[in-house]
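Here is what each chain is made of, one letter per residue.
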Amino acid sequence: MKNSVEKEFDDIFWQYKDMIYFLTLKYFKKEQDAEDIVQETFLKVYMNFKKFKNKSSIKTWIYRIGLNEIFGRFRKIKKHLFNVELNENIEYEDKDILKDIYHDEVHKAFCTELKKIPKKRSKVIFLRIMEGLSFKEIGNTLGISPDSAKNLFS
């Protein structure tokens, strides 16, 4: 029989797994990548469940963990691509990996432009435009006030 923590985690998993799955599909085309991110996200949620302090909603906390996993995957891919480009003698099966990462050229251009502005501001803009979060949700996600999120967005 499951203890109360396992039962609560199961309920949370089934309630929020689709949110992380579809969030990941906005960044990566492959369903396998989305499934991997869901698994990694909820492993971290489970491992840190007792540390959750209710300073934000559980949804915001899980969303933040999911975003961190997504951005971590981007960093790994970027590092891998950089290493491959340095050694042109390597046979690389998927030379168009960026096409698998970005849905279209507009999204790619948007992300490129976001990299040119300060990190905190770019996160606010991304969460507002691409994810449709309110300034309150952005504030909770980034650990800033809703007014700060508004100011960073404008």
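Note that the structure is a prediction, hence the values are computed from the model and not measured. (Residues numbered from 1 in each chain as written. Predicted model: local features only at pLDDT ≥ 70, side-chain atom pairs only at ≥ 80, totals over all residues. Heavy atoms only, no water.)

A. View of the overall build of the protein chain. Of regular secondary structure, the protein chain possesses eight helices and zero strands. The N-to-C order of helical and strand elements in the protein chain reads α-α-α-α-α-α-α-α. Here the protein chain, with 154 residues, has 37% of them falling under the buried criterion. Across the protein chain, every contact between residues at least 6 apart in sequence was considered, and the portion connecting residues at least 24 apart equals 58%. As displayed, the protein chain has an accessible area near 10600 Å², and 54% of this comes from carbon and sulfur atoms. (Helix = DSSP H or I, 4+ residues; strand = E, 2+ residues; numbered from the N terminus. Buried < 20%, exposed > 50% of the residue type's maximum accessible area, 1.4 Å probe, protein only. Contact = heavy atoms within 4.5 Å. Areas by Shrake-Rupley, 256 points an atom, 1.4 Å probe, with all protein chains shown as cover.)

B. Highlighting the side chain of Thr 24. Within the fold, Thr 24 resides in helix α1 (residues 4-27). According to the relative accessible area criterion, Thr 24 is buried, its value standing at 0%. Here Ile 20 takes part through its backbone oxygen, which lies 2.8 Å from a polar atom of the side chain of Thr 24. Setting aside anything within four residues of it in sequence, one finds Thr 24 in contact with Asp 33, Ala 34, Ile 37 and Ile 70. (Polar contact = N/O pair within 3.5 Å; in protein donor to acceptor, adjacent residues only side chain to side chain.)

C. Geometry of the packing of helix α6 (residues 119-129) against helix α8 (residues 146-153). Contact geometry of α6 with α8 gives a least axis separation of 9 Å together with a crossing angle of 95 degrees. One way to sum up the angle between α6 and α8 is to call them roughly perpendicular. Between α6 and α8, the contacting residues are Lys 120, Arg 121, Val 124, Ile 125, Arg 128 and Ile 129 on the first element and Ala 149, Leu 152 and Phe 153 on the second. (Axes fitted to C-alpha atoms, helices over the stretch in contact; angles between N-to-C directions. Parallel < 35°, antiparallel > 145°, perpendicular 65-115°, else oblique.)

D. Expanded view of the environment of Cys 111. Looking at the secondary structure, you find Cys 111 in helix α5 (residues 105-114). Given a relative accessible area of 13%, Cys 111 falls into the buried group. Residues Cys 111 and Ser 122 lie 11 residues apart in sequence; the distance between their C-alpha atoms is 9.0 Å.

E. Broad picture of a nonpolar patch on the surface. Among the surface-exposed residues, Leu 43, Tyr 46 and Met 47 lie close enough to one another that they form a single nonpolar patch of about 340 Å² accessible area. Tracing the backbone through its elements, the reader meets Tyr 46 in helix α2 (residues 31-47). (Patch = residues over 30% accessible without salt bridge, like charges linked within 9 Å, V, L, I, M, F, W, Y side chains within 5 Å. Salt bridge = Lys/Arg side-chain N within 4 Å of Asp/Glu carboxyl O.)

F. The arrangement of the packing of aromatic side chains in detail. Within the structure shown, the criterion is met by nine aromatic pairs. Where Phe 9 meets Phe 49, the ring centres are 6.5 Å apart and the plane angle is 80 degrees; that geometry is what we call edge-to-face. Here Phe 9, found in helix α1, pairs with Phe 49, found in the loop between α2 and α3 (58-86); they are 40 residues apart in sequence, far enough to count as distant. The exposure class of Phe 9 is buried, given its relative accessible area of 12%. The exposure class of Phe 49 is buried, given its relative accessible area of 13%. Here the aromatic rings of Tyr 21 and Phe 22 are separated by 5.2 Å at their centres, their planes lie at 85 degrees, and the arrangement is edge-to-face. The ring of Phe 135 carries the charged tip of Arg 128 above its face, separated from the ring centre by 4.1 Å. (Phe/Tyr/Trp six-rings, centres within 6.5 Å; stacked < 30°, edge-to-face > 60°. Lys NZ or Arg CZ within 6 Å of the ring centre and 35° of its normal.)

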